[in-house]
Each structure stands twice: as structure tokens, then as C-alpha cells.
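One-letter residues, chain by chain:
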Amino acid sequence: MLVNGFLNGPDLVSKFAASMALKHPQNMDYSVQLLDQCESPSGLCFKLSNQSLLQESSTTEKSFDFYKRIVKSNHKPDNYLFTFLINSAAQLVDKNFGLAVHGTALKYALDQDPHVQSGLINLYAEMGSLRDLKDLFFSINNPDLVTQTTMVVACAKLGDIKFPRQQFEITLD
């Protein structure tokens with residue numbers, strides 16, 4: 001790529017960097033350096049590279065820096081990317097990160113996506129915030145079965161079996 005002058009070809013560099021990140025996560029630093037050299041990397045490249053970062057638990061903090069790059073490049077994050085970000089925030093169990101990710105999901109109107117909802121429920125459970133967990137659940141319009149199941153598991157994890165039972169009984173009526 002260097003010899004033939006393709007380093008600034010955004011499509012080729014983006015695809016190569018994303019492939020490098022997904023297939024060889026140990027070379028993530030090299031992939032990020034490639035993206036730094038690219039004038040306008042594709043949104044898909046950012047998403048795939050960030051996905052790879054998020055899957056590596058040792059690079060969870062780096063994933064948030066990479067996410068900032070996605071936003072600065074004017075690529076709109078989607079529900080797929082947010083699912084990974086929420087899971088990453090849950091691994092950190094840092095309330096500030098969790099609240100920031102939740103706020104950003106609201107900003108991009110992703111809070112009504114079932115995948116994002118389930119992720120946020122899990123996030124609040126990991127943070128040990130039962131009150132916020134219930135508030136979140138009540139703010140969801142027509143939660144799907146996966147979201148409801150996630151809520152039951154999250155409440156049980158936090159020692160509250162009364163709330164899920166009440167919800168289940170309401171559903172049966």
C-alpha cells in the first residue's frame with residue numbers, strides 16, 4: 001500500500017484496518033495507526049475496529065477513546081455499536097461511564113432499541129443501581145421478551161425477586 005501510493009485511499013485503508021482489527025486483535029495498535037493516516041476512514045471501519053477493541057477486555061478504556069473518534073468523524077453511531085459500548089461500560093462498573101453512555105444513547109435516540117434497552121438494564125445491574133434499573137424499565141414503551149427477561153435476571157442479581165414476580169403476575173392478567 002505504501003509503495004503503490006494507496007495509503008490515502010480511504011476505502012482500501014479502511015477495509016484493511018478493519019480486517020486487521022477483527023482478524024488479528026493483537027495488532028490493534030497497528031490498525032489504529034493506519035486509521036490515523038487515512039484522511040476519511042469509513043464508518044464501517046470505525047465500527048468494526050471499535051467492536052474488536054470492545055471484545056478485548058484489556059482494552060475497554062481504549063474503546064471509549066475510539067468511540068470519540070467515530071463521533072468526531074461525523075459518523076453516527078448505531079444500535080449495534082452502542083450494544084458494545086454499553087457492555088464495555090458494564091465491564092468497567094464505573095457509574096460515570098455508564099451514565100455517559102446512557103445519555104449518549106438518548107442523544108442519538110437509540111434508547112427505544114430493544115438491544116440497547118437490554119444492555120442498559122444489564123449495565124445498571126452491574127452498577128448495583130436497583131432504583132435506576134426500575135426507572136429505566138418503566139420508561140420503556142412495550143418492552144420485548146428479551147428486555148423483560150433481562151430485567152428479571154438483573155433484579156434477581158440485585159436480590160429483588162418481588163418486583164419481577166409482580167411484573168410477571170401483571171403480564172398474566
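Provided above is the structure to which this section pertains.
One structure accompanies this document, and this report is about it.

The rules behind these values
Residues numbered from 1 in each chain as written. Predicted model: local features only at pLDDT ≥ 70, side-chain atom pairs only at ≥ 80, totals over all residues. Heavy atoms only, no water. Axes fitted to C-alpha atoms, helices over the stretch in contact; angles between N-to-C directions. Helix = DSSP H or I, 4+ residues; strand = E, 2+ residues; numbered from the N terminus. Parallel < 35°, antiparallel > 145°, perpendicular 65-115°, else oblique. Left-handed = near helix turned anticlockwise from the far one by under 90°. Contact = heavy atoms within 4.5 Å. Nonpolar A, V, L, I, M, F, W, Y, C, P; charged D, E, K, R; others polar. Expected span 1.5 Å × (residues − 1). Buried < 20%, exposed > 50% of the residue type's maximum accessible area, 1.4 Å probe, protein only. Polar contact = N/O pair within 3.5 Å; in protein donor to acceptor, adjacent residues only side chain to side chain. Core = buried A, V, L, I, M, F, W, Y, C linked by side-chain atoms within 4.5 Å. Arc of directions from axis to C-beta.

Concerning the packing of helix 7 (residues 114-126) against helix 8 (residues 130-139)
So, point 1. One way to put it is that helix 7 packs onto helix 8 with a least axis distance of 8 Å and a crossing angle of 165 degrees. By the angle class used here, helix 7 and helix 8 are roughly antiparallel. Crossing of helix 7 against helix 8: the hand is left-handed. Residues Gln117, Leu120, Ile121, Tyr124 and Ala125 of helix 7 form the contact with helix 8, whose participating residues are Asp132, Leu133, Leu136 and Phe137.
So, point 2. Across the contact of helix 7 with helix 8, the residue classes break down as 7 nonpolar, 1 polar and 1 charged.

A closer look at helix 7
So, point 1. For helix 7, which comprises 13 residues, the first-to-last C-alpha distance of 18 Å matches the rise-based estimate of 18 Å (1.5 Å per residue) to within 8%.
So, point 2. Residues of helix 7 that are buried include every one of Val116, Gln117, Ser118, Gly119, Leu120, Ile121, Leu123, Tyr124 and Ala125, and no others.
So, point 3. Regarding helix 7, its N-cap is Asp113, as a side-chain oxygen of that residue lies 2.9 Å from the backbone nitrogen of His115 further along.
So, point 4. Gly128 sits one or two positions beyond helix 7 and adopts a positive phi of about 75 degrees.

Section: the nonpolar core
So, point 1. Formed by 26 residues in total, the largest nonpolar core has its most connected members in Phe82, Val116, Ile121, Leu123, Leu133 and Met151.
So, point 2. Secondary structure elements with two or more residues in this core: helix 5 (79-92), helix 6 (95-107), helix 7, helix 8 and helix 9 (145-157).
So, point 3. Setting aside residues up to four positions removed in sequence, Val116 forms contacts with Asn79, Phe82, Thr83, Ile86, Ala105, Leu110 and Asp111.

Let's talk about helix 9
So, point 1. A rise of 1.5 Å per residue sets the reference length of helix 9, with its 13 residues, at 18 Å; its end C-alpha atoms lie 18 Å apart and thus fit the reference within 8%.
So, point 2. All buried positions along helix 9 are accounted for by Thr147, Met151, Ala154 and Cys155. Buried positions in helix 9, seen along its axis, are confined to an arc of 95 degrees and lie on one side of it. What points out from helix 9, more than 90 degrees from its buried face, is the exposed set Leu145, Val146 and Val153.

Here's the deal with the side chain of Asp160
So, point 1. Relative to the elements of secondary structure, Asp160 occurs in the loop between helix 9 and helix 10 (162-172).
So, point 2. Among the polar contacts listed, one links the side chain of Asp160 to the backbone nitrogen of Phe163, at a separation of 3.1 Å.
So, point 3. What Asp160 contacts, discounting residues up to four positions off in sequence, is Leu130, Lys134 and Cys155.

Notes on the packing of helix 5 against helix 6
So, point 1. Taken N-terminus to C-terminus, the directions of helix 5 and helix 6 make an angle of 165 degrees; their axes are 9 Å apart at the nearest point. Here helix 5 lies roughly antiparallel to helix 6, going by the angle between them. Considering only the axes of helix 5 and helix 6, their crossing is left-handed. On helix 6, the residues that touch Phe82, Leu85, Ile86, Ala89 and Leu92 of helix 5 are Phe97, Gly98, Val101, Thr104 and Ala105.
So, point 2. Residues that form the contact of helix 5 with helix 6 fall into these classes: 8 nonpolar, 2 polar and no charged.

Some words on the environment of Met151
So, point 1. Looking at where Met151 falls in the secondary structure, it is placed in helix 9.
So, point 2. Sequence separation of Met151 and Asn122 is 29 residues, and the distance between their C-alpha atoms is 7.8 Å.
So, point 3. Discounting chain neighbours no more than four positions away, the residues touching Met151 are Ile121, Leu133, Lys134, Phe137 and Phe163.

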